Amino acid sequence: MSLFSYTKPRALGEALKLLKNGTLAIAGGTDLIGLIRSGLARPNALVDLTGIDGLRGWSIEKSKGLRIGALTPLSDLETSAALRKLAPIIGESLRDAATPQLRNMGTVGGNLLQRNRCWYFRDEAVPCWLKGGTRCFAAEGENRYHAILGAAECVMVSPSDLAPALIAYDADIELVSSLGRRTVKLASFFITPSGRQRKEHAIRRGELITSVRIPYSALQRRGTFLKAMDRKAWSFALVSVATAARISGGKAHDVRIVVGGVAPSPWMVPAAHKQLEGSALDDNACLAAADVILAGAEPLRDNGYKVTLARELIRRALRSLVA
Amino acid sequence: MPGLRVVKSRDEFEGEIFESLSIIQGSDLPPHAAGAELDEIGKSRKRVDGVQRVTGRATYTQDVTLPGMLHARVLRSPYPRARVRAIDTKKAEALPGVRGVLHRFNAPKAAFRGEETIFREEVRFIGDEVAAVAADDADTAARALALIEVQYELLPHVTDLEEAITDGAPKLEDGGNVFDAGSLKRGDARAAFKDAEFVVEGTYRTSTQLHNSLESHGAVAQWDGEVLTVWESTQHVFGVREGLRAALLLPLSRIRVICDYMGGGFGSKGGAGKYSIVASLFAKQLGRPVRCVLTRHEENLAAGNRSATLQKIRLGGKDGRITAVDHVSWSNAGQGRWVANPTGPTNTLYDFANLTTKSYRVVTNAGSLSAFRAPGYVEGTFALEQAIDELAERMGVDPLTLRRRHAAAQKDPRTTKPYSLKRLLECYTIGAREIGWSTRRAGGTRGSSPHRRRGIGMGTQIWGGGGGPPAYATVHFNSDGTVVVRAGTQDIGTGTRTVLAQICSDELGVDLDRISVRIGDTEGPYGPISAGSLTLASVGPAVRLAARDAREQFLGAAAGVLEVRKTELRMERGHIVSKGARTSIAEVSKKLENNTVIGKGSRWPNPEKLSIKTFGAHFAQVEVDTLTGEIVVEKVVAVHDIGRIVNPMTAESQVQGGVIQALGFALTEERVVDRALGRVMNADLEWYKVPTALDVPEIVVRFTDRPDRRANNLGAKGLGEPPIIPTAAAVANAVANAIGVRLRHAPMTPAPVLEALALVR
Amino acid sequence: MLDTIESVPPFRGPDAVDISLTVNGQGATAHLPPQRSLLELLRGPLGLTGTKLVCNAGDCGACTVLVDDRPIYSCITLAVACEGKRVETIEGISKDGALHPVQEAFIEHDAYQCGFCTPGQVMSVVALLRAKGKPTEDEMRRAVAGNLCRCGAYVNIVKAGMSAARRGK
């Protein structure tokens with residue numbers, strides 16, 4: 001474990017100044033502490049963000065939509081009755097995410113930035129491609145939990161339950177660094193590690209997530225979140241599905257289907273959304289959309305079941321929009 | 001002392017004869033009179049050590065901190081098989097705070113399980129011990145490990161059971177990888193198969209289950225120049241003492257082992273570990289106390305497991321009976337020297353007339369198996385009880401009816417001895433009623449929605465649990481009339497202190513709150529390992545005799561103090577009673593001043609002409625989502641025939657725990673090993689999935705609760721293992737009933753369920 | 001750069017630093033490196049060994065304590081990050097020698113076996129009852145879903161929690 005020093009700034013500006021080479025930001029620490037202990041992160045200093053005011057909690061305005069501060073503990077989102085009314089998919093996605101303790105510790109920003117849970121990646125003795133090695137051990141090894149879709153050199157899967165839920169609301173994230181601010185579609189913030197990009201997130205050095213924003217219009221969508229686990233609690237998703245759509249006259253509009261646990265990033269296929277525009281979301285339509293989403297599936301030795309599972313969860317999550 | 005006798009006793013378990021000597025005195029007590037209402041035995045009682053457990057004040061080995069204590073960490077092999085050529089420790093030793101380094105080139109010989117040293121020349125699994133460091137703190141020790149330079153010569157390895165039994169696999173021992181581990185023939189199975197009307201055949205696979213006791217293995221050793229005192233999280237303080245004697249060649253009088261509280265063991269903490277020897281060697285060498293406690297990761301590599309099995313079972317049926325049985329099992333023992341026997345239930349549970357069974361131990365480059373709660377029986381029952389259901393279905397017989405035909409016999413088919421007590425049919429009756437067996441339909445029933453199917457299934461349990469000698473106890477009166485029970489047993493978490501106090505209380509007529517039980521210390525009288533479901537049936541009768549002895553002595557002393565004849569006195573609820581006069585025990589004790597009355601008791605041998613077993617049956621109701629492969633266990637009914645129940649509340653807890661651990665085996669738990677690397681990928685509690693509170697179904701616990709009056713003076717038998725044995729089979733049978741396809745693989749995760757339903761491309 | 005130096009708080013460590021916080025209602029100080037966890041602080045310098053170390057990875061719940069009333073895993077919480085915070089451990093919930101009602105209920109319902117996970121379980125239940133006086137059984141079960149019990153005492157843990165809730169925690 002690296003020997004790091006520590007500080008806790010009170011303002012965002014201070015934090016940005018402190019984030020330089022060798023320093024890392026920490027909030028809940030639920031992922032970072034594990035990364036440090038297993039040598040996957042080797043900071044010489046930690047900047048604790050939890051003392052910063054203004055990045056906690058959420059607010060809603062018609063013009064600006066829903067804004068959730070990056071330092072908001074997951075449990076605050078999960079337990080808020082008001083938010084449940086406003087953006088139900090968020091709470092649903094958090095209900096089975098980790099445990100009460102981890103939801104108390106973990107923050108929105110940290111959840112989106114958590115690194116993948118591939119057991120080869122996490123095993124410090126395995127020099128896997130993502131860590132700078134030459135090959136993906138999971139591709140030929142033990143891969144029941146790995147990607148069936150969209151993978152390149154690395155077959156890990158995106159672990160966040162929250163991410164698919166937010167993406168189903170067309171969420172953006174706001175990032176800040178000492179160079180300025182930028183807003184990124186959350187969907188494109190997650191990247192598939194490939195080529196020279198041996199990482200999962202499009203975050204730049206010295207940059208912090210400050211908030212997640214959901215356009216007001218997207219909150220008119222109904223939505224649901226389904227998660228299949230191999231234990232009834234405290235498991236990363238085998239497959240998770242967030243769906244959202246505006247339902248009018250029994251027909252679906254602006255459909256969103258985001259699948260977790262199947263690809264290196266939350267998996268979304270716009271063609272499937274288009275296909276369901278104006279659909280009554282009957283079984284056949286839902287399954288046809290699922291087939292579009294899963295069309296490129298190339299299961300590995302042990303994860304063919306995920307295709308079956310994803311297809312069925314997509315169907316159910318879509319059906320529930322009109323149920 | 002007059003009347004001491006030595007008797008030899010022979011107990012059979014799985015065809016193996018265990019002989020022991022016990023020193024007994026006078027006569028054994030008869031079991032409590034039939035129907036007698038006792039004040040304590042048979043009553044639900046809160047644990048006498050409950051306050052310690054809920055306040056965090058119970059001292060576990062992890063909590064022992066001694067002045068000047070050093071921290072030892074173990075360097076473990078990063079390769080599944082390699083020869084240790086050279087070790088350079090210069091850099092590690094130069095690290096400030098490092099006090100000692102041990103490895104194969106400098107460590108004193110220390111015999112361990114048939115080997116001369118704890119550091120092998122050929123390391124044989126990832127996690128095998130290579131060296132150890134003692135330092136001022138755990139971090140320094142860990143940093144020092146990274147500075148030790150080892151030259152390894154890599155050797156070909158094999159970790160997978162089915163790969164290891166193939167001809168092409170690297171041969172790990174002179175005799176290859178596969179070793180006979182027992183066989184049995186009864187009648188003529190070959191002829192019976194020829195003659196059978198129906199034959200079913202199946203290959204079953206069970207996965208490696210990791211104990212994951214929450215407190216990891218560990219020891220703290222202190223050497224004062226005369227006595228080595230070791231605190232260890234163990235199921236057998238005397239076993240640890242014996243292991244340390246063999247390793248360190250110290251006289252027993254100079255080794256003391258203490259285990260006040262322990263955070264689970266489930267079979268894996270049966271004796272001294274290499275960590276105990278490491279701590280002890282350092283403590284002797286460096287003259288400071290040394291702690292060596294495994295991390296979770298080490299625990300899951302090197303502290304034992306339930307071996308994975310491959311089992312082939314074939315049953316033949318005719319005229320509504322099972323007429324032929326053939327069961328062969330291979331177990332992945334890793335580097336273990338023994339193996340549990342998955343064919344045990346097949347050999348002993350039913351009155352099969354024609355049977356052949358064979359069991360093989362397979363050596364691989366993986367961590368050694370160690371006993372895991374009903375080793376072999378959980379795995380074997382999973383296969384046997386599914387095969388019986390399959391045959392019953394083929395024959396068109398209700399599976400429970402078929403079992404009843406073979407479970408009624410009152411004779412042990414293995415030894416032909418009559419059972420001391422067997423009420424298995426009653427278990428079936430109770431369980432069938434509680435689960436609603438009559439509502440079971442071939443092909444299952446519709447579940448809570450159209451794609452969900454509901455099914456009911458059951459499984460049967462047989463296990464030993466009769467206990468036996470040697471086990472000793474003492475009971476002494478303090479001068480204030482309070483009582484201390486001492487026994488060399490330890491509480492693995494079942495509530496040992498509480499039941500021993502209850503037994504003592506009834507025998508003495510002294511209230512529970514005036515009795516203290518001291519266990520987990522080799523300075524007490526010898527006690528057996530807390531395993532094999534034998535603690536209560538072994539130690540309990542000895543405590544009862546010790547209490548009687550103490551009572552008789554105390555009455556004798558009281559006679560002198562009160563100046564009456566002893567025969568006129570009796571002990572009753574804290575008082576000495578004679579002809580209407582009542583004197584409190586405390587008052588008499590006070591008069592005796594410090595003349596301590598110490599009663600002694602020992603466990604008498606088991607009746608040689610009887611077979612003492614425990615029986616039970618579990619019934620499960622499940623709902624299966626046929627489109628996602630999710631299995632929801634809705635209800636488990638667990639019925640056990642284990643003789644007298646001393647404390648219904650703690651007994652029920654044990655059954656619930658057994659069922660839940662079994663559900664882990666059945667549904668979620670599996671050690672995953674990368675074969676090419678030989679690495680355990682989930683040596684943690686993240687991907688190795690033990691059940692959570694949300695994985696628990698409704699659990700109905702029932703006991704036949706009839707004292708086994710011929711077994712021992714309590715009529716009680718063991719309960720630790722029985723409740724983990726039949727659950728997985730019951731669940732698998734319920735799943736097969738629900739979806740019409742049989743899963744022959746544990747754990748039954750969504751993947752195999754969907755595969756069985758042929759839904760996976 | 002001058003502006004950096006004057007406007008940001010200094011880094012502390014990597015050697016031992018002073019940490020002060022409130023533990024079980026009393027001020028506590030310790031001197032230890034920023035790499036150390038809250039669990040190490042509790043079990044080591046503060047001698048509060050009731051909180052258990054099992055996985056050291058946030059995978060089991062045995063180290064659960066309350067920080068500002070919320071249950072968290074102390075094994076993956078940095079001690080230095082708890083500066084100025086209010087920490088409660090199993091040792092702090094029984095007052096004046098009297099057991100907390102949740103502890104009483106655990107004993108009454110035999111909500112443990114080996115007892116190693118018990119302090120963590122108790123803290124999770126205590127936290128739930130503070131946040132929600134009358135939880136449902138499902139809420140109770142979910143409140144301890146982050147506390148593994150290898151002995152499988154869950155049935156009685158939930159029973160004990162509900163019983164404590166009925167008694168008004």
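Preceding this section is the structure that the text describes.
First, a word on what this report is: a plain description of the structure on this page.

1. Quick word on the overall build of chain C
- Helix and strand content of chain C: seven helices and five strands.
- Along the chain direction, N to C, the helices and strands of chain C fall in the order α-β-β-α-β-β-β-α-α-α-α-α.
- For chain C, the C-alpha atoms occupy an extent of roughly 60 × 30 × 30 Å along the three principal directions.
- Taken over 169 residues, chain C has a buried fraction of 63%.
- For chain C, long-range pairs separated by at least 24 residues make up 57% of all intrachain contacts whose partners lie at least 6 apart in sequence.

2. A word on the interface of chain C and chain B
- Taken together, the contact between chain C and chain B spans 42 residues of the former and 43 residues of the latter.
- Elements with a minimum of two residues in the side of chain C that touches chain B: α3 (90-93), α4 (101-108), α5 (118-131) and α7 (154-166) of chain C.
- Counting residues per element, the side of chain C that touches chain B draws most heavily on α7(C), at five residues.
- In terms of residue class, the side of chain C that touches chain B is built from 25 nonpolar, eleven polar and six charged.

3. Some remarks on unusual backbone geometry
- Following B:A746, the chain continues to B:P747 via a peptide bond in cis, the omega torsion being 5 degrees.
- Position of B:P747 relative to the elements: it lies in the loop between β32 (745-746) and α18 (750-756).
- Cis geometry is adopted by the peptide bond preceding C:P14, which originates at C:G13 and carries an omega value of 5 degrees.
- One can find C:P14 in the loop between α1 (2-7) and β1 (17-23).
- Even without being a glycine, A:A98 presents a positive backbone phi close to 50 degrees.
- Tracing the chain through its elements places A:A98 in the loop between α5 (88-95) and α6 (100-105).
- On the basis of neighbour counts, which here come to 22 C-beta atoms within 10 Å, the residue A:A98 falls in the buried class.
- In this structure, B:R113 is a non-glycine residue whose phi angle is positive, near 45 degrees.

4. Points about the interface of chain A and chain B
- Listed per partner, the contact involves 20 residues of chain A and 25 residues of chain B.
- Looking at side-chain class alone, the side of chain A that touches chain B contains nine nonpolar, four polar and seven charged residues.

5. Let's talk about the environment of B:I660
- You can see B:I660 is positioned in helix α16 (residues 648-668).
- Residue B:I660 is classed as buried on the basis of its C-beta count, with 28 C-beta atoms lying within 10 Å.
- Put simply, B:I660 and B:G175 are 485 residues apart on the chain and 39 Å apart in space, counted from C-alpha to C-alpha.
- Ignoring anything within four residues of it in the chain, the contact list for B:I660 reads B:P691, B:V696, C:G152 and C:Y154.

6. A word on the environment of B:R710
Residue and element names in this part refer to chain B.
- On the secondary structure map, R710 appears in the loop between β31 (698-703) and α17 (727-739).
- With 17 C-beta atoms packed within 10 Å, R710 lands in the partly exposed category.
- In this structure the C-alpha to C-alpha distance between R710 and P541, which are 169 residues apart in sequence, comes to 13 Å.

7. Considering the nonpolar core
- Formed by 386 residues in total, the largest nonpolar core has its most connected members in A:I314 and B:V735.
- Here this core gets twelve residues from one element, more than from any other, and that element is helix α14 (residues 535-562) of chain B.
- Not counting residues up to four positions away in its chain, the partners in contact with A:I314 are A:V241, A:I257, A:V259, A:C286, A:A289, A:A290 and A:I293.
- Within the second largest apolar cluster, 20 residues are counted, among which are B:Y360, B:A371, B:I529 and B:A531.

8. Focus on the sheet that holds strand β26 (residues 597-602) of chain B
All names here are of chain B.
- What the four strands build is an open sheet, ordered β22-β21-β20-β26; its pairing is mixed. Across the chains shown, the open sheet's two edge strands, defined by having one partner strand only, are β22 (515-518) and β26. Averaged over all neighbouring strand pairs, the angle between strand axes comes to 20 degrees, with direction disregarded.
- One ladder, built from four bridges, connects strand β21 (residues 483-487) with β22; its direction is parallel. In the sheet register, V485 faces β22, and the bridge partner there is V517.

9. With respect to the pairing of strand β11 (residues 218-223) of chain B
All names here are of chain B.
- β11 sits mainly inside the fold: six of its six residues count as buried.
- Where β11 lies against strand β14 (residues 290-293), four bridges are found, and the strand directions are antiparallel. In the sheet register, A221 faces β14, and the bridge partner there is V290.
- Of the strand pairs in this sheet, β11 and strand β12 (residues 228-232) are connected by five bridges, and their pairing is antiparallel. When the bridges of β12 are listed, A219 appears paired with E232.
- Hairpin remark: β11 followed by β12, antiparallel, with four residues in the connecting loop; positive phi at G225, about 95 degrees.

10. Examining the sheet that holds strand β6 (residues 122-123) of chain B
All names here are of chain B.
- Read across the open sheet, the three strands follow the order β6-β4-β8; overall the sheet is antiparallel. The strands lining the two open edges of the sheet, one partner per strand, are β6 and β8 (149-154).
- Relative to β8, strand β4 (residues 82-88) runs antiparallel, the two being bridged by six bridges. Looking at β8, one finds that A82 is bridged to L154.

Rules and cut-offs
Residues numbered from 1 in each chain as written. Chains lettered and ligands numbered in written order. Predicted model: local features only at pLDDT ≥ 70, side-chain atom pairs only at ≥ 80, totals over all residues. Helix = DSSP H or I, 4+ residues; strand = E, 2+ residues; numbered from the N terminus. Buried ≥ 20, exposed ≤ 12 C-beta atoms within 10 Å, placed from the backbone. Contact = placed C-beta atoms within 7 Å. Nonpolar A, V, L, I, M, F, W, Y, C, P; charged D, E, K, R; others polar. Core = buried A, V, L, I, M, F, W, Y, C linked by C-beta atoms within 7 Å. Pairing = 2+ DSSP bridges. Axes fitted to C-alpha atoms, helices over the stretch in contact; angles between N-to-C directions.

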